[in-house]
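Residues per chain are reported as follows:
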Amino acid sequence: MLEISNLYKAFSLEAGFFAPVGRYVYAVNGVSFSMKRGEIFGLVGESGCGKTTTARLVVRTYPIDEGSIVFTDRNGRVFDIGTLDHKRLKLLRSKVKYIFQDPAKSLNPRMTILQVLTAGYRYQESWPGKRRAREEAAEMLREVGLSPDDLDRRPADFSGGQRQRISIARALITRPELLICDEVVSALDVSIQGQILQLLLRLREEYGFGMLFIAHDLAVVSYICDRIGVMYRGMLMETAPARRLIETPTHPYTKHLYTSVPQIDLQRKTTGGRITRFGEIPDPTVRPPGAGTALMQVAEEHYVSPLFSSV
Ligand SMILES: Nc1ncnc2c1ncn2[C@@H]1O[C@H](COP(=O)(O)OP(=O)(O)OP(=O)(O)O)[C@@H](O)[C@H]1O
Ligand SMILES: [Mg+2]
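The structure contained in this document is the topic of the report that follows. For every chain, the first residue of the written sequence is number 1, and numbering continues from 1 along that sequence. Think of it this way: whatever chain is written first is A, whatever ligand is written first is 1, and the rest follow in order. In keeping with the model being predicted, local features are shown solely for residues with a pLDDT of at least 70 and side-chain atom pairs are shown and tallied solely at 80 or more, while totals for entire chains, interfaces and linings include all residues. With hydrogens and water excluded, all non-hydrogen atoms of the structure serve as input to the side-chain values.

As a further point, take the environment of Phe 308. Secondary-structure assignment places Phe 308 in the segment after strand 12 (302-304). Between the C-alpha atom of Phe 308 and that of Gly 290, which follows or precedes it by 18 residues, the distance is 9.6 Å. Beyond its immediate sequence surroundings of up to four residues, Phe 308 is in contact with Tyr 232, Met 235, Met 237, His 251 and Pro 252. Each helix is a run of H or I in the DSSP string that is no shorter than four residues. Each strand is a run of E no shorter than two, and both are numbered from the N terminus. Whether two residues are in contact is decided by their heavy atoms, any of which lying within 4.5 Å being enough.

Once that is clear, we can look at the pairing of strand 6 (residues 96-99). Working definition: with a 1.4 Å probe on protein chains only, accessible area under 20% of the residue-type maximum means buried, over 50% means exposed, and in between means partly exposed. Burial of strand 6 is two-sided: the residues Val 96 and Tyr 98 facing one way and the residues Lys 97 and Ile 99 facing the other way are all buried. Following DSSP output, two strands are said to pair if at least two bridges run between them. In terms of strand pairing, strand 6 meets strand 7 (residues 178-182) through four bridges, oriented parallel. Among the inter-strand pairings, Ile 99 is bridged to a residue of strand 7, identified as Cys 181.

Here, a salt bridge means any Lys or Arg side-chain nitrogen found within 4 Å of an Asp or Glu carboxyl oxygen. Overall, the coordinates contain 21 salt bridges when judged by the stated rule. For the salt bridge of Glu 301 with Lys 36, the shortest nitrogen-to-oxygen distance reads 3.0 Å. Taken as a pair, Glu 301 in the loop between strand 11 (296-299) and strand 12 and Lys 36 in the loop between strand 2 (23-35) and strand 3 (40-44) lie far apart in primary sequence, 265 residues in all. In this structure Lys 36 comes out as partly exposed when scored by relative accessible area, which is 48%. Arg 37 serves as the salt-bridge partner of Glu 177, at 3.0 Å between the closest nitrogen and oxygen. Remark: Arg 37 occurs in the loop between strand 2 and strand 3 and Glu 177 occurs in the loop between helix 6 (160-172) and strand 7; sequence separation between them is 140 residues. Put simply, Arg 37, Asp 73, Arg 74, Arg 77, Lys 95 and Glu 177 are held in one network by salt bridges that share partners.

Take the site of ligand 1 next. Around ligand 1 sit 13 residues, and of these Ser 47, Gly 48, Lys 51, Thr 52 and Thr 53 come closest. At 2.8 Å, a backbone N or O of Gly 48 approaches an oxygen atom of ligand 1. Taking Thr 52, its side chain carries an N or O atom lying 2.7 Å from an oxygen atom of ligand 1. Taken together, the elements giving at least two residues each to the shell around ligand 1 come down to strand 2 and helix 1 (51-58). At three residues, helix 1 tops the list of elements feeding residues into the shell around ligand 1. Class assignment of the residues belonging to the shell around ligand 1 gives a composition of five nonpolar, six polar and two charged. We call a residue near a molecule or strand whenever a single non-hydrogen atom of that residue lies within 4 Å of it. Here a polar contact is recorded for every N or O atom pair within 3.5 Å, except that within protein the pair must consist of a potential hydrogen donor and a potential acceptor, and residues adjacent in sequence are included only if both atoms are side-chain atoms. Note on residue categories: nonpolar means Ala, Val, Leu, Ile, Met, Phe, Trp, Tyr, Cys or Pro, charged means Asp, Glu, Lys or Arg, and polar means any other residue, Gly included.

Glancing now at the packing of aromatic side chains. Here the distance between the centres and the angle between the planes together describe a pair of aromatic rings. In this scheme Phe, Tyr and Trp rings, the latter by its six-membered ring, pair at centre separations within 6.5 Å, and the angle between planes marks the pair as stacked below 30 degrees, edge-to-face above 60, and tilted otherwise. In this structure the tally under the stated criterion is seven aromatic pairs. Ring centres of Phe 11 and Tyr 62 lie 5.1 Å apart, and the angle between their planes is 80°; this geometry places the pair in the edge-to-face category. Taken as a pair, Phe 11 in strand 1 (residues 2-13) and Tyr 62 in the loop between helix 1 and strand 4 (66-72) lie far apart in primary sequence, 51 residues in all. Note on Phe 11: relative accessible area 27%, which makes it partly exposed. Considering the side-chain rings of Tyr 232 and Phe 308, the 5.7 Å spacing of their centres and the 85° angle between planes classify their relative orientation as edge-to-face. Remark: Phe 308 occurs in the segment after strand 12 and Tyr 232 occurs in strand 9 (residues 227-232); sequence separation between them is 76 residues. Residue class for Tyr 232 comes out buried when judged on its relative accessible area of 6%. Residue Phe 308 is classed as partly exposed on the basis of its relative accessible area of 40%. Aromatic ring contacts, followed pair by pair, group Tyr 232, Tyr 253 and Phe 308 into a single cluster.

Moving on, we come to the environment of Arg 153. Considering the arrangement of structural elements, one finds Arg 153 in the loop between helix 5 (130-143) and helix 6. Classification of Arg 153 as partly exposed rests on a relative accessible area of 35%. In this structure the C-alpha to C-alpha distance between Arg 153 and Leu 114, which are 39 residues apart in sequence, comes to 8.2 Å. In contact with Arg 153, not counting residues within four places along its chain, are Met 111, Thr 112, Ile 113 and Phe 158.

The next subject is helix 2 (residues 86-95). Of the positions making up helix 2, those classed as buried are Leu 89, Leu 91, Leu 92, Ser 94 and Lys 95. For helix 2, the secondary structure elements touched by its buried residues are helix 1, strand 4, strand 5 (78-80), strand 6 and strand 7.

We now examine the side chain of Lys 51. Take Lys 51: it is sitting in helix 1. The charged side chain of Lys 51 is buried without a salt bridge, its nearest counter-charge being Glu 183 at 4.7 Å. The contact partners of Lys 51, leaving out residues within four places of it in the chain, are Leu 43, Val 44, Gly 45, Glu 46, Glu 183, Ile 214, His 216 and Met 231. Counted as positive: Lys and Arg. Counted as negative: Asp and Glu. His and the chain ends are not counted at all.

Let us look at helix 1. Taken across its eight residues, helix 1 has six buried, putting it largely inside the fold. The first or second residue beyond helix 1 is Arg 60, which carries a positive phi of 50°.

This is the structure:
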């Protein structure tokens, strides 16, 4: 479904008195991974390691510097994200949906829930008509555990967890094939987090979409993901099926992450720890040496970077 090859993205910092030539923040440095249809792939790593930038490149929030991202839809249509024209990009964005961390910011407070949900149709090839759109929106609200009566209310009438349910309903209304979830439960209470994760898993069963799931919380990622990629300084250090990564972390950075968390509970009865610092604070304005080095296979579906490790 998704094939990311040797992806690079740097942001330019404005030139100033102390840096007359202008410098770059190297956010993504040679990332490659692929996702199967319906798979949940997690990206973990400390703040600033390039998770969001990688995900945003998939929906082309900004252009790709180098490398490629190719999305293939369920009808076999191929979207080469780096070269899409406006029309194809619009179509892509009905198939790949992005859900953000903070639904309070991403839901327009002046819109009714009906307007919020049906706005997604502007990415569709055809508008289903007013009545059909309302029926679909009502159905979607039911799917996420809210009431169709809520269609005429506004985002401010809802709690944080309910707003995240609305964001999910909004994303699903065009029946996407890939959902990008960027820290979608990070702002919620632990008890609500569990409910939202359960909801996403149930909806995935029902609709069959895949998820690119980004989170700081290793317990959350380990709970929901089929496979996990560990990022460090804009590079992938290790990818493996979730259980294997938890039981046999191999790259020193992954070991560091997983040993800094007291205990990963796959049933999610407890909350997990946060990521602590590995080595020196990385300077994002220096491209890390070894960027683009291929990972090495150590077991089935288990790949490890030779950088910073003896693998
Ligand atoms: N639009 C931008 N302009 C300039 N620098 C940016 C921009 N977006 C991200 N960066 C920088 O790129 C690097 C990677 O950021 P990114 O947001 O992808 O990290 P992240 O892994 O999502 O972090 P977090 O866990 O804090 O969300 C950081 O150094 C960040 O400051
Ligand atoms: Mg981020």
